[in-house]
Amino acid sequence: MKFFKTPNIDFLGKRYFAYAISGILFVSSVLIILIKGPKYGIDFTGGKIAQIRFEKDFSPETVRKELAKIGMGKAEIQKYGSEKDYLIKYSEKIDPDSLIKIFKKDLNVEVELQRTENVGPRVGRELQYKAIEAVLIGMILMLIYIAFRFNFKFGVTAVLALFHDVIITLGFLVFLNREITIPVIAALLTIVGYSINDSIIVSDRIRENLKKIRGSFFEIANKSINQTLSRTIITSGTTLVVVLALLFLGGPILRDFSLALTIGIIVGTYSSIYVVAALVNDWQRKR
Amino acid sequence: MKILRWRILVVVLVFIIAILFLIPSIQYYTLPPSSLQKMPKEKINSLRKRALHLGLDLRGGMHLLLEIKGDGLPKEKIRDARDRVIEIIRNRIDAWGIFEPAIQAIGDARVLIQLPGVMERERARELIGKTAQLTFHLVAEPEEIQNVFNLIEKKLQEQIKDTTISPFLSCLRYDRGDIVVREENFDSVQKLLEKAFPFIPEKYIVLWGRIEERGGIKIRPIYLLKKIPELTGEYISDARHTIYQGQDPSLQGRPIVELSFDKKGTIIFSRVTEQNVGKRLAIVLDNIVQSAPFIRERIPTGNAMISGMESMEEAKELAIVLKSGALPAPVEIVEERSVGPLLGSDSIKNGIRAGIIGTIIVFLFMAIYYLFSGLIANFALLLNLIFLLSLLAAFKGTLTLPGIAGIILTVGMAVDANVLIFERIREEIASGKSIKSAVDTGYSRAFVTILDSNLTTIIAAIVLLWFGTGPIRGFGLTLSLGIICSFFTAIFVTKIIFDYMINVKKVKKIYI
């Protein structure tokens, strides 16, 4: 079976269209990140989390009212999968065990404390540094790799594309009001590693073809993208399939992580097909 | 031909070794609980040790990060204190009876404690966080108390320049021989004491008692003690929790901790009690006065007792911490995470479900798109998963929920190697090459690309393994192992199958 008999899509011809899309997505992501600001999880801000499961359904309002009674009106309540499961984020000096007791008494219901987290403010700050450090070191290693692996123009373009992918993924997460947690940072780092792959495959093929075939860079780039297209789509496709399985079936704990991967894989695949070679082409012509 | 045989042998050997490493895990995780209970304890433990290690997020339990409060101490001192803390806490946890706790130093001043299966968070925090500094101080004589407290009052009045109001003494009450403060006044009195601290004569120390309910009112006793302790917890040789059966009716049936002093402690205790008959001896634990009984007579036996525990559990805990010794410095719990066992097994279920569905779709796709070759790729993928799990078991890696996600992601990413190879072979066949040379060039050309394309993902995964904390390291671990395994399974193993078909079976056409 084959998706494309002999694909001959003029990717580079549509590059201005792609630039426009990328530009809009990138700029709006930057704006969203700057204006709305990422919502950080307690890993980074410090604070407490109690994940609870009621025996039967309760509306978020009921839960909120109960919490307000004990002076926890400021707590953040999040439905976690169903109306039985809730995630309560707070910073008051109250132990989750006493929360449970109050729910049990007031609502006359069995409540199970499923998960608790309590991160001190100092540890939160350290985890922030650690996350930034990990992302920076990841980026630097990628840069070193790219410097070895690509020629200058491809290298710079690949880095730009990488930046584009990560910022847009982050922008989407902020837009969707998702929390930035350690797993999300891990997902971003994975995207950094993954999205560069497709660019490598395409650029390798372009280099190979430049030696073999005669023609303009534009034609050869287009041909190379087409030649590698089914591989790009299949690999991204299988990866996307498993990530989507994680997103929908993997349970609420992994949801933000899987969502970040899903967006990242889509954006990364798009940019390595439509943006990287196109940018190199335009750079080449300017000279 | 000969080489092919060797290659097959290598794969079979690796496979057998992998299965051997996995057998304990399969045994341990598939045995029904009833037959597990019947097995002798050592056998279960040895099985459990060799089986795949599940992270706290999957098996449930508690994770605590302690920080040693050694303000101003030099680094080496803090490090020494940290090591001592680890030793003492290990003793405490062992005495509590937790299976396979993990206690390790993190940096200079921190200790990470992982307690699988523990959900009694309050208890664990107490047991681990308690300094357990036990000291015995003589309570100051009534006239001394009066003098010092009057002095405190006077100094406080001078500070506010108003002698008509009584800031301190008005908060104090006499109750059954103790000076007590109502709980609602506790914070304000505490603040006053901090202000008055420089004026308290150096030989004394003011300490609070435990919060109590007397006549329906919550109160705390306040004590003036001789600063230098007569005796400390160092001399304790044994501590046991039990039920009080002595003569004091108010303690009858209450949980207590009985202490035995060692030889030196017994001598000191005997001397102190002899010289101070009629006075009160305060038993102070972590700067809180537990009780301050009157010394009725000399106690030569070297036995003492601590009362005032709410429950037998609390008494047991106190006995454990006293026996294990005091922490060399106070510690603070700076991070605490806990996962209930039900959530853990839910997570496993969700992870496995997502994994199976994802894998089935990928398998179906490969089989439909690449036909027979797709089946070979699927076989390689299956082998990859077996090797991955067996490596985890062999190197005692911990499988966490993000780790499961890493395995699932591996399924999606590892087929990339075969996709690259197969696409290349298709192209070579299309360009008119024979099957044999198409396969050979396909593999050799694709190899570099595969290496290239997976390397960046491995780099990212290793960075995560290096810098990540807790469960997320499990993700870096499984993802990097999975991709590394795919080099063996997706390239080496599948090539053997193709070579076998082409060279031995003399197949003229392969479905790809």
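Please read these numbers as outputs of a predicted model, since none were measured by experiment.

Trainee: Please clarify how the overall build of chain B should be interpreted in this entry.
Mentor: Assigned secondary structure in chain B consists of 14 helices and 18 strands. For 512 residues, the compact-globule estimate of 2.2 N^0.38 gives 24 Å, and the C-alpha radius of gyration of chain B, at 34 Å, exceeds that figure by more than 25%. The principal-axis extent of the C-alpha atoms belonging to chain B is close to 110 × 55 × 45 Å. Among the 512 residues that make up chain B, the fraction classed as buried is 41%. The long-range share in chain B, meaning contacts at least 24 apart out of those at least 6 apart in sequence, stands at 73%.

Trainee: It is not clear to me how the overall build of chain A should be interpreted in this structure. Could you clarify?
Mentor: A tally of helices and strands in chain A yields 10 helices and 6 strands. Across its three principal directions, the C-alpha atoms of chain A cover 80 × 45 × 25 Å. Relative to its 287 residues, chain A shows a buried fraction of 47%. For chain A, contacts bridging at least 24 residues in sequence account for 76% of all contacts bridging at least 6.

Trainee: Please clarify how helix H7 (residues 182-212) of chain A should be interpreted in this entry.
Mentor: It helps to recall that an α-helix has 3.6 residues per turn; residues three or four apart then point in one direction. The end-to-end C-alpha distance of H7 of chain A, which contains 31 residues, comes to 46 Å, matching closely the 45 Å that a straight helix rising 1.5 Å per residue would cover. Here H7 of chain A lies mainly inside the structure; 24 of its 31 residues are buried.

Trainee: What is the right way to read the environment of Asp-85 of chain A from this model?
Mentor: All names here are of chain A. Considering the arrangement of structural elements, one finds Asp-85 in strand E4 (residues 82-90). Under the C-beta neighbour-count criterion, Asp-85 is labelled partly exposed, with 19 such atoms within 10 Å. Counting along the chain gives 69 residues from Asp-85 to Tyr-16, while the straight-line C-alpha distance between them is 47 Å.

Trainee: What am I meant to see in the pairing of strand E8 (residues 204-209) of chain B here?
Mentor: Side-chain positions along a regular strand alternate between the two faces of the sheet. Residues and elements named next belong to chain B. For E8 and strand E10 (residues 217-226), the ladder comprises 5 bridges, and the chain directions are antiparallel. Bridging across to E10, Val-206 finds its partner in Leu-224. Bridge count between E8 and strand E15 (residues 288-291): 2 bridges; the pairing is parallel. If you follow Trp-208 over to E15, its bridge partner there is Ile-288.

Trainee: Would you mind going over the interface of chain B and chain A with me for this structure?
Mentor: A common measure of how large an interface is: the accessible area buried when the components associate. Contact residues are listed per partner, giving 54 residues for chain B and 53 residues for chain A. Sorting the residues of the side of chain B that touches chain A by element identifies helix H6 (121-129), strand E17 (331-339), helix H11 (341-394), helix H12 (401-430), helix H13 (435-467) and helix H14 (471-504) of chain B as the ones contributing at least two each. In terms of residue count, the dominant contributor to the side of chain B that touches chain A is H11 of chain B (15 residues). Its residues assigned to classes, the side of chain B that touches chain A comprises 31 nonpolar, 13 polar and 10 charged. In the sheet, strand E5 (residues 111-119) of chain A pairs with E17 of chain B via 5 bridges, with the strands oriented antiparallel. By the bridge assignment for E17 of chain B, Arg-115 of chain A is matched with Val-339 of chain B.

Trainee: Where do I start with the nonpolar core in this structure?
Mentor: Across soluble globular proteins, nonpolar side chains show a tendency to be buried alongside one another. Judged by nonpolar contacts, the single largest core of 202 residues is most densely connected at Leu-188 of chain A together with Leu-322, Ile-408 and Leu-464 of chain B. Sequence-distant contacts of Leu-322 of chain B, that is, excluding residues within four places in its chain, are made with Ala-132, Leu-134, Gly-233, Ile-236, Ala-239, Val-257 and Leu-259 of chain B.

Trainee: So what exactly am I meant to see when it comes to the domain arrangement of chain A here?
Mentor: Segmentation of chain A into domains returns domain 1 (12-41 + 123-286) and domain 2 (48-119). Look at where the C-alpha atoms of domain 1 of chain A and domain 2 of chain A centre, and you get two points 38 Å apart.

Trainee: Just checking my understanding: could you explain the domain arrangement of chain B for this structure?
Mentor: Taken as a whole, chain B is organised into domain 1 (2-37 + 340-504), domain 2 (61-129 + 334-338) and domain 3 (134-308). Distance between the C-alpha centres of domain 1 of chain B and domain 3 of chain B: 67 Å.

Trainee: How do you make sense of the sheet that holds strand E12 (residues 236-243) of chain B when you look at a structure like this?
Mentor: All names here are of chain B. With respect to topology, 3 strands assemble into an open sheet ordered E12-E13-E16, the strand pairing being antiparallel. Each edge of the open sheet is held by one strand with a lone partner, namely E12 and strand E16 (303-306). Strand-to-strand twist in this sheet, taken as the mean axis angle between neighbours without regard to direction, amounts to 25°. In this structure, E12 lies alongside strand E13 (residues 255-261), joined through 7 bridges in antiparallel fashion. Within E13, the position partnered with Ile-236 by the bridge is Phe-261. Sitting on the sheet, helix H10 (residues 312-324) touches E12, E13 and E16, and the angle it makes with E12 is about 175°.

Trainee: Just to check I follow, could you spell out unusual backbone geometry for this structure?
Mentor: Leaving glycine out, the prevailing phi sign among residues is negative, and the prevailing peptide bond configuration is trans. Residues and elements named next belong to chain B. The phi dihedral of Leu-371 is positive, around 55°, even though this residue is not glycine. Residue position: Leu-371 is located in helix H11. Its identity as a non-glycine residue notwithstanding, Lys-506 has a phi of 55°, on the positive side. Looking at the secondary structure, you find Lys-506 in the segment after H14.

Trainee: Could you clarify how one ought to interpret the sheet that holds strand E3 (residues 76-80) of chain A in this entry?
Mentor: Strand pairing in a sheet relies on backbone hydrogen bonds. The paired strands run either parallel or antiparallel. Here we have 8 strands laid out as an open sheet, ordered E3(A)-E4(A)-E2(A)-E5(A)-E17(B)-E2(B)-E4(B)-E3(B), and antiparallel in their pairing. The sheet is open, and its two edges are formed by E3 of chain A together with strand E3 (102-106) of chain B, each paired on a single side. Strand-to-strand twist of the sheet, defined as the mean angle between neighbouring strand axes without regard to direction, takes the value 20°. Each of E5 of chain A together with E17 of chain B is contacted by H11 of chain B, which is oriented at about 90° to E5 of chain A, the strand it contacts most.

Trainee: What's the story with the packing of helix H6 (residues 152-175) of chain A against H7 of chain A in this structure? I'm lost.
Mentor: Residues and elements named next belong to chain A. Running from N to C, H6 and H7 point in directions that differ by 145°, and their axes come no closer than 10 Å. You can see that H6 and H7 cross each other, and the crossing is right-handed. Facing H6, whose interface residues are Phe-154, Ala-158, Ala-161, Leu-162, Asp-165, Val-166, Thr-169, Leu-170 and Leu-173, H7 presents Val-184, Leu-188, Ile-191, Val-192, Ser-195, Ile-196, Ser-199 and Ser-203. Among the residues making up the contact of H6 with H7, the classes are represented as 12 nonpolar, 4 polar and 1 charged.

Trainee: What am I meant to see in the pairing of strand E14 (residues 281-285) of chain B here?
Mentor: Residue and element names in this part refer to chain B. Of all the 5 residues making up E14, 5 are buried; the element is thus mostly covered by neighbouring parts of the structure. Bridge count for strand E5 (residues 134-138) against E14 is 5 bridges, and the pairing is antiparallel. Looking at the pairing, Phe-136 lines up with Ile-283 of E14. As judged from the 3 bridges shared by E14 and E15, these two strands associate in the antiparallel manner. Bridged to Ile-283 within E15 is Ser-291.

Rules behind the numbers
- Residues numbered from 1 in each chain as written.
- Chains lettered and ligands numbered in written order.
- Predicted model: local features only at pLDDT ≥ 70, side-chain atom pairs only at ≥ 80, totals over all residues.
- Helix = DSSP H or I, 4+ residues; strand = E, 2+ residues; numbered from the N terminus.
- Rg over C-alpha atoms; globule rule 2.2 N^0.38 Å.
- Buried ≥ 20, exposed ≤ 12 C-beta atoms within 10 Å, placed from the backbone.
- Contact = placed C-beta atoms within 7 Å.
- Expected span 1.5 Å × (residues − 1).
- Pairing = 2+ DSSP bridges.
- Nonpolar A, V, L, I, M, F, W, Y, C, P; charged D, E, K, R; others polar.
- Core = buried A, V, L, I, M, F, W, Y, C linked by C-beta atoms within 7 Å.
- Domains from an automatic or database assignment.
- Axes fitted to C-alpha atoms, helices over the stretch in contact; angles between N-to-C directions.
- Left-handed = near helix turned anticlockwise from the far one by under 90°.

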